[in-house]
Amino acid sequence: MSFLWSLADTGEDDIDRQMIWYESDESHGGAVLANRWSDLLRLALDKLALSPHRHGFAPESGKWMPQYEIRQMLFRPWKTGVGWRVLYTIDEARKLVTILQIRHEHRRWLFEAEDDES
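For clarity, every value in this text was computed on a predicted model and none was experimentally measured. (Residues numbered from 1 in each chain as written. Predicted model: local features only at pLDDT ≥ 70, side-chain atom pairs only at ≥ 80, totals over all residues. Heavy atoms only, no water.)

1. Some remarks on the sheet that holds strand E3 (residues 84–91)
In a beta sheet, neighbouring strands pair by backbone hydrogen bonds and run either parallel or antiparallel.
Here's step 1: Overall, mixed pairing links the four strands, which are arranged E1-E4-E3-E2 in an open sheet. Looking along the sheet, the strands with just one partner apiece sit at the ends: strand E1 (4–7) and strand E2 (71–75). With strand direction ignored, the average angle separating the axes of adjacent strands in the sheet is 35 degrees.
Here's step 2: One ladder, built from five bridges, connects E2 with E3; its direction is antiparallel. What sits directly across from Met-73, in E3, is Val-86.
Here's step 3: Relative to the sheet, helix H1 (residues 9–23) contacts E1, E3 and strand E4 (96–104), its axis offset from that of E4 by approximately 40 degrees. (Pairing = 2+ DSSP bridges. Helix = DSSP H or I, 4+ residues; strand = E, 2+ residues; numbered from the N terminus. Axes fitted to C-alpha atoms, helices over the stretch in contact; angles between N-to-C directions. Contact = heavy atoms within 4.5 Å.)

What follows is the structure in structure tokens.
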């Protein structure tokens, strides 16, 4: 059975930041690449909602927001292989997948110190 998906405020903020980064400079790909990234992400989230249990638990599960079981999907839209970790929870009763964060895979895990991240 398929689920619906929604973005937490933090997930929306992550998308906005990535779009701004792409759009900020043509060397980052500009608006065209920003829109392509966003379109591919939305397709990936639609696919995630069809079978959210197929992805494993995130390293953050039980350590960051310990009241939730946090799963992760790797989103790699480019041939370079570098991608983003989509952190999410599953609400079985509501058949809802909530996207908590979309983090570049080179960033630290959420339970690690992030003082030096920008």
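2. With respect to the environment of Trp-5
Here's step 1: One can find Trp-5 in strand E1.
Here's step 2: Taking the C-alpha atoms as reference points, Trp-5 and Leu-96, separated by 91 residues in sequence, lie 5.5 Å from one another.
Here's step 3: Apart from residues no more than four positions distant in its own chain, Trp-5 is found in contact with Arg-42, Leu-45, Asp-46, Ala-49, Leu-96, Val-97 and Ile-99.
Here's step 4: There is a polar contact of 2.8 Å between the side chain of Trp-5 and the side chain of Asp-46. (Polar contact = N/O pair within 3.5 Å; in protein donor to acceptor, adjacent residues only side chain to side chain.)

3. What about the nonpolar core?
Here's step 1: If you look at the biggest cluster of nonpolar residues, it comprises 20 residues, and the most contacted ones within it are Trp-37 and Ile-99.
Here's step 2: Of all elements in the fold, only H1, helix H2 (30–50), E2, E3 and E4 reach the threshold of two or more residues within this core.
Here's step 3: With six residues, H2 is the single largest residue contributor to this core.
Here's step 4: Once you skip the residues sitting within four places of it in the chain, Trp-37 turns out to touch Ile-15, Gln-18, Met-19, Tyr-22, Phe-75, Pro-77, Trp-78, Trp-84 and Ile-102.
Here's step 5: Ala-58, Ile-70, Leu-87 and Leu-100 belong to the second-largest nonpolar core, a separate cluster that totals five residues. (Core = buried A, V, L, I, M, F, W, Y, C linked by side-chain atoms within 4.5 Å. Buried < 20%, exposed > 50% of the residue type's maximum accessible area, 1.4 Å probe, protein only.)

4. Observations concerning the confidence of the model for the chain
Here's step 1: Confidence in the prediction of the chain, expressed as mean pLDDT, is 88, and 92% of residues score 70 or more.
Here's step 2: Ranking the elements of the chain by mean pLDDT puts H1 last with 93 and E1 first with 97. (pLDDT = per-residue confidence, 0-100.)

5. Looking at the side chain of Thr-89
Here's step 1: Considering the arrangement of structural elements, one finds Thr-89 in strand E3.
Here's step 2: In contact with Thr-89, not counting residues within four places along its chain, are Tyr-68, Glu-69, Ile-70, Leu-96, Val-97, Thr-98 and Leu-100.

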